[in-house]
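# Survey of secondary and tertiary structure
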Amino acid sequence: MFFYYLDLAWRSIKKTPMLSALMIMAISIGIGITITTLNIYKMMSTNPAGEKSGKLFAVQLWSQGPDAWDRFDPQITYQDGFNLLKSDIPRLQTPMFRTGGAVQTEDPAFLPVLQSRVRVTNNDFFPMFGLEFQYGQAWDDSVDQDARYEVVLTDELNKTLFAGKNSVGKTIYFNAKPYQVVGVLKPWAPSPNYYDLNNGAFGNVDTLFVPYSLAPIEEYGSWGNTNGWNYESINNYAQRLTSEKHWTQFWVQLDTPEQVAEYRQWVGQYIEQQKKLGRFGSPKADVQLSDVDQWLAINKVVPEDNKVLVGLSVLFLIVCLVNMLGLLLSKFLRRAPEIGVRRAIGASQGQIFAQHMVEVSLMGLFGGLLGLAWAWGSLMLLTKKFDLESSLTHLDTSMWLIAPMIAILAAVVAGIYPAWRVCTTNPSVYLKSQ
Amino acid sequence: MLSMKNISKVFKTDLVETHALRDFNLEVNEGEFVAVTGPSGSGKTTFLNIAGLLEGFTHGDYFLDGINVSNLSDNKSAAVRNEKIGFIFQGFNLIPDLNLAENIEVPLRYRGFSAKERKRRVEQALEQVGLGARMKHLPTQLSGGQQQRVAIARALAGEPRFLLADEPTGNLDSLMARQVMELLENINQSGTTIIMVTHDPELARRAQRNIQIVDGQVCDFTMYQPNAARSASHSSVDKLVANAQG
């Protein structure tokens, strides 16, 4: 019977093209707006860490004094990062911060390019966050111990510097110092850029990676936030490294809950030790470990405004559905005499109801497909007019399924009352009058 | 076959109660051709709607084929209508968007017949009413008499035991009315029970039994015996088909 109902639905749509087009248009506009906001919301709230999400933890320390901020700061001090590295509990761990500078090749004709997205980190960063290499590999552990001038390039920067060719073994100059390229990454663009949310969560992926061990030597400046809770006179880089300023991020990989508990205990002991040295003066001194989901929530990667916008678009969809409901009621009741005949010759209320549900579902499907086109157009417009990141305005593939499903569901909801009205109408009323 | 005992039907509004049927009793035997007459507003259509399970009633019992159908669920009523009852209406009530074959197969679809069986029955029914060559025509392309014959074909396709006809010739001219009436008589002769509501005393006289309803009650029974004149006036289906095709 489904295909029979589908055939009747198609005939009905063709029979009243204007009315059907109005209904499809109503639902498509609602769906278009809902899918646009939902798509942006989804792209913002995606957890790009995948299956490692529950194993990667951002480490936060309440190291500030009693009269400072009443919260965990997203970053920690350089000295705490340095000390935490001494734990052998995490399988992988890395302190890091962002810096920047001019990059050039050995080719004298190549003009230096400013790179504002340079990550200072150690070699655990690459396996922790799932970066894969196109050429070469990460620098080895000895570089993190003894500080050698080696770098890893992203595919993007390698294209800029070496036209995408294998550049492993070549030399680049970063702030006029020569570094040897040891690896080139495959294209990589986590969205949001969860490992460092200080510089914006989207479209802000690093392009060059330099060893953390070089920081005290090269005195890389922090191109991210630096938070201080007390006055400190900092006149040189060494003072910055030993200061109470929060400017580095610290991530660990803990594979089991036992490891998490053990690490938490270890850091707790570290805090007690530091208290004896006169640091961690607040009674609230503690450690907070947040996995990626928690980290994205703590940092409010999806702004409240965005949630409100999704809510408003759903309300708009409801308004469209109410309009559709009215049009459906008019269309279905106009068909009541035919339904009276069908009922008289043996159709049950359930069969009539199903017939109309198939019809509204078909209109919902058309509305959903048209709504997708609206959403695609809206996202293109947003990208062009408001210069939004393409990672946010790219129409997610899941929406190709979600949009028709929401549209069909919404149309079915709107169609329930009109279908119920027409299938419960007394057929005898129309049989005489037809 | 059909047995109504003390059926009452009351339509209520805030101000008035209208007794469409009161203590209505009727027995119709299998194979009978019963004409129902009566003045306008007497309750003929209400009786027909109740007999066809299109409307419920306030009091009484209704047995169809020995089964009490007084309180059937909607699904069961629909199944009984589909399997046992065929309807013929004054206004034909064909679905205008469907061609003749599609119109006739509507009840067959609800009954769950296979495509092959539906096709067989549709062809048979259309042949029976002399419109076998017009399967793909739309109802609007036919005359009133032809449309009524399609409606009869639709009613017959499910091979019902019981045909309910509400003024089947009311919208037809006298020639077409006679042809439709002859078709109904032939259908009745093949064993189908027919109850026909009509205002036309001439048509009523051609039925085996005439029931008059006045003020919602059966007030008169007249049993007609088939007579020579009536027999002579019968045309065979073959003749009808020949006329239609001619």
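Attention here is on the structure that accompanies the text. Keep in mind it's a predicted model, so treat the numbers as computed, not measured.

Cut-offs applied
Residues numbered from 1 in each chain as written. Chains lettered and ligands numbered in written order. Predicted model: local features only at pLDDT ≥ 70, side-chain atom pairs only at ≥ 80, totals over all residues. Heavy atoms only, no water. Pairing = 2+ DSSP bridges. Helix = DSSP H or I, 4+ residues; strand = E, 2+ residues; numbered from the N terminus. Contact = heavy atoms within 4.5 Å. Axes fitted to C-alpha atoms, helices over the stretch in contact; angles between N-to-C directions. Phe/Tyr/Trp six-rings, centres within 6.5 Å; stacked < 30°, edge-to-face > 60°. Buried < 20%, exposed > 50% of the residue type's maximum accessible area, 1.4 Å probe, protein only. Lys NZ or Arg CZ within 6 Å of the ring centre and 35° of its normal. Buried area = accessible area lost by both parts, 1.4 Å probe. Salt bridge = Lys/Arg side-chain N within 4 Å of Asp/Glu carboxyl O. Polar contact = N/O pair within 3.5 Å; in protein donor to acceptor, adjacent residues only side chain to side chain. Nonpolar A, V, L, I, M, F, W, Y, C, P; charged D, E, K, R; others polar.

Turning our attention to the sheet that holds strand β4 (residues 59–64) of chain B. Residues and elements named next belong to chain B. What the four strands build is an open sheet, ordered β2-β1-β4-β5; its pairing is antiparallel. Each having just a single partner strand, β2 (17–28) and β5 (67–68) make up the two edges of the open sheet. When strand β1 (residues 2–12) meets β2, the two strands line up antiparallel, connected through eight bridges. In the sheet register, M4 faces β2, and the bridge partner there is L26. Docked against the sheet, helix α1 (residues 44–51) engages β1, β2 and β4, running at close to 120° with respect to β1.

Take the packing of aromatic side chains next. All names here are of chain A. Counted by the stated rule, this structure contains 35 aromatic pairs over all chains. Between F125 and W188, the aromatic rings sit 6.2 Å apart at their centres with planes inclined by 85°, giving edge-to-face as the arrangement. Of the two residues, F125 is situated in helix α4 (residues 125–128) and W188 in the loop between β8 (177–185) and β9 (208–211); the sequence distance between them amounts to 63 residues. A ring pair is formed by W188 and Y195, whose centres lie 5.7 Å apart and whose planes are at 15°; its orientation type is stacked. As far as the burial class goes, W188 and Y195 line up, both buried. Put simply, the rings of F125, F126, F129, F133, W139, W188, Y194, Y195, F209, W251 and W295 touch in pairs and so form one group of aromatic residues. The ring of W247 is capped by R240, whose NZ or CZ atom sits 4.3 Å from the centre of that ring.

Moving on, we come to the interface of chain B and chain A. Contacts between the two partners involve 25 residues from chain B and, on the opposite side, 25 residues from chain A. It is N93, R109 and Y110 of chain B in chain B that bury the most area against chain A; as a group they hold 29% of the surface buried on that side. With its nearest N and O atoms 2.6 Å apart, the salt bridge here joins R11 of chain A to E102 of chain B. On the surface where chain B and chain A come into contact, there are nine residue pairs in polar contact (both at pLDDT 80 or more). Secondary structure elements with two or more residues in the side of chain B that touches chain A: α1, α2 (74–84) and α3 (100–111) of chain B. Looking at the side of chain B that touches chain A residue by residue, the classes come out as nine nonpolar, seven polar and nine charged.

Oppositely charged side chains may form a pair once their charged atoms are brought near each other. Residues and elements named next belong to chain A. In this structure the tally under the stated criterion is 39 salt bridges over all chains. The salt bridge partner of K275 is E272, with a shortest N-O separation of 3.6 Å. Taken together, the positions of K275 and E272, both in helix α9 (residues 257–276) and three residues apart, correspond to about one turn of that helix. Looking at K275, the relative accessible area reads 31%, which means it is partly exposed. The partly exposed category is assigned to E272, whose relative accessible area is 43%. Counted as one network, the salt bridges with shared partners bring together R98, R119, D196 and D206.

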